[in-house]
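One letter stands for each residue in the lines below.
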Amino acid sequence: MSDADGRARLILELRRCGVADLRVLNAMERVPREFFVPPAFVHQAWENVALPIDCGQTISQPAVVARMTEALQVDDRTRVLEIGTGSGYQTAVLSYLCRRVYTIERHRELLGQAESRLAKLRRRNITARPGDGALGWPEQAPFERILVTAAAIDIPPNLSAQLAIGGIMVVPIGDDSANQCIVRVRREETGLDIEELGPVKFVPLISGRAGEAVSG
Ligand code: SAH
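Reading the values: the criteria
- Residues numbered from 1 in each chain as written.
- Predicted model: local features only at pLDDT ≥ 70, side-chain atom pairs only at ≥ 80, totals over all residues.
- Heavy atoms only, no water.
- Phe/Tyr/Trp six-rings, centres within 6.5 Å; stacked < 30°, edge-to-face > 60°.
- Helix = DSSP H or I, 4+ residues; strand = E, 2+ residues; numbered from the N terminus.
- Buried < 20%, exposed > 50% of the residue type's maximum accessible area, 1.4 Å probe, protein only.
- Lys NZ or Arg CZ within 6 Å of the ring centre and 35° of its normal.
- Core = buried A, V, L, I, M, F, W, Y, C linked by side-chain atoms within 4.5 Å.
- Near = heavy atom within 4 Å.
- Polar contact = N/O pair within 3.5 Å; in protein donor to acceptor, adjacent residues only side chain to side chain.
- Areas by Shrake-Rupley, 256 points an atom, 1.4 Å probe, with all protein chains shown as cover.
- Nonpolar A, V, L, I, M, F, W, Y, C, P; charged D, E, K, R; others polar.
- Axes fitted to C-alpha atoms, helices over the stretch in contact; angles between N-to-C directions.
- Parallel < 35°, antiparallel > 145°, perpendicular 65-115°, else oblique.
- Left-handed = near helix turned anticlockwise from the far one by under 90°.
- Contact = heavy atoms within 4.5 Å.
- Salt bridge = Lys/Arg side-chain N within 4 Å of Asp/Glu carboxyl O.

A.B. asks: What exactly am I supposed to notice about the packing of aromatic side chains here?
C.D. replies: Centre-to-centre distance and the angle between the planes together describe a pair of aromatic rings. Considering all chains together, one arrives at three aromatic pairs under this definition. With centroids separated by 5.4 Å and ring planes inclined at 80°, the aromatic side chains of Tyr102 and Trp137 adopt a geometry described as edge-to-face. Pair noted here: Tyr102 is in strand β4 (residues 100-105) and Trp137 is in the loop between β5 (126-130) and β6 (143-148), with a separation of 35 residues, a long-range link. Neither residue differs from the other here; Tyr102 and Trp137 are each classed as buried. Under the relative-accessibility criterion, Tyr102 is labelled buried at 7%. Members of the aromatic cluster, joined through ring pairs, are Tyr102, Trp137 and Phe143. The side chain of Arg33 reaches across the aromatic face of Tyr89, ending 5.7 Å from its centre.

A.B. asks: Teacher, can you tell me more about the nonpolar core here?
C.D. replies: The nonpolar side chains of soluble globular proteins are, as a tendency, buried together. Core analysis: the largest hydrophobic core is formed by 43 residues, its most contacted members being Leu14, Met28, Phe36, Leu72, Tyr89, Val93 and Val170. Trp137, Val148, Met169 and Ile173 belong to the second largest nonpolar core, which has 16 residues in total.

A.B. asks: Is there a simple way to think about the site of the ligand in this case?
C.D. replies: The environment of the ligand is formed by 25 residues, the closest being Ser87, Glu105, Asp132, Gly133 and Ile206. Here Gly84 contributes a backbone N or O atom positioned 3.2 Å from a nitrogen atom of the ligand. A distance of 3.5 Å separates a nitrogen atom of the ligand from a polar backbone atom of Gly131. About the coverage of the ligand: the protein hides 100% of its 580 Å² of free accessible area. Here the residues of the shell around the ligand sort into nine nonpolar, 12 polar and four charged.

A.B. asks: So what exactly am I meant to see when it comes to the packing of helix α1 (residues 3-16) against helix α2 (residues 22-30) here?
C.D. replies: Between two packed helices, what matters for the description is the angle formed by their axes and the separation of those axes. Between α1 and α2, whose axes approach to 10 Å, the crossing angle comes to 155°. The pairing of α1 with α2 is recorded here as roughly antiparallel in orientation. Viewed along their axes, α1 and α2 form a crossing whose handedness is right-handed. Across the interface between the two elements, Arg7, Ile11, Leu14 and Arg15 from α1 touch Leu22, Leu25, Met28, Glu29 and Arg30 from α2. Its residues assigned to classes, the contact of α1 with α2 comprises five nonpolar, no polar and four charged.

A.B. asks: Which parts of the structure should I look at to understand the pattern of salt bridges?
C.D. replies: Opposite charge on two side chains permits them to pair, given that their charged atoms come into close proximity. Within this structure, the stated rule accounts for three salt bridges. With its nearest N and O atoms 3.2 Å apart, the salt bridge here joins Arg77 to Asp75. On the basis of relative accessibility, which here comes to 26%, the residue Asp75 falls in the partly exposed class. Across the pair Glu195 and Arg184 runs a salt bridge, and its minimum N-O distance is 3.0 Å. Of this pair, Glu195 sits in strand β9 (residues 191-200) while Arg184 sits in strand β8 (residues 180-188), and the two are 11 residues apart along the sequence.

Note that all results are geometric; they support no functional claim without further evidence.
Below, the structure is given as structure tokens:
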């Protein structure tokens, strides 16, 4: 199957799974997922599956990227904070849909690889840094949108505090991989409005020990 056939087939599959937002589908059609997967998995880049990347992490399943991006409701005026850059694939998708993406990754090695891929694709509206994303990015807060791409045990308090009033955070919540749910959090004047969007499987958000991965 050619790359173009693979792309078209995946986009159709996403539509069949219920992803209706054409901007999200267009962005996913434009981002060459084969750039973001290890060489051994390039032949599977346009399949609707999560794949392993370095440091024991994963590039998310396209259907999950699509659902979470759609749930985030971004537009070209939005500033988004993403936690867990990983391969940089989700970052690239967001970069086509919003004004600027701030992204944090605890593994320097993954961050370096992601930054060079994003530079090759000439994505210029991305600011990336290593660190513990559970702490957020206070210097750039508040954010209209926050997307967490690793599973947290609870809604990370530093992140909800850095959400603008009226802002939305999409975050997988759950303490074991068999029992996680995508949660959409809206910050209202009076508190947080929380909505469950369905089951999912993510690698864990590792917090408070970022020094181990970030130093060196
Ligand atoms: N969005 C990524 C998915 C990466 S998997 C993609 O499209 O490829 C989740 C990532 O979150 C991993 O790279 C992991 O190292 C990172 N991560 C886990 N805990 C983190 C934390 N506290 N701060 C920043 N990144 C974290």
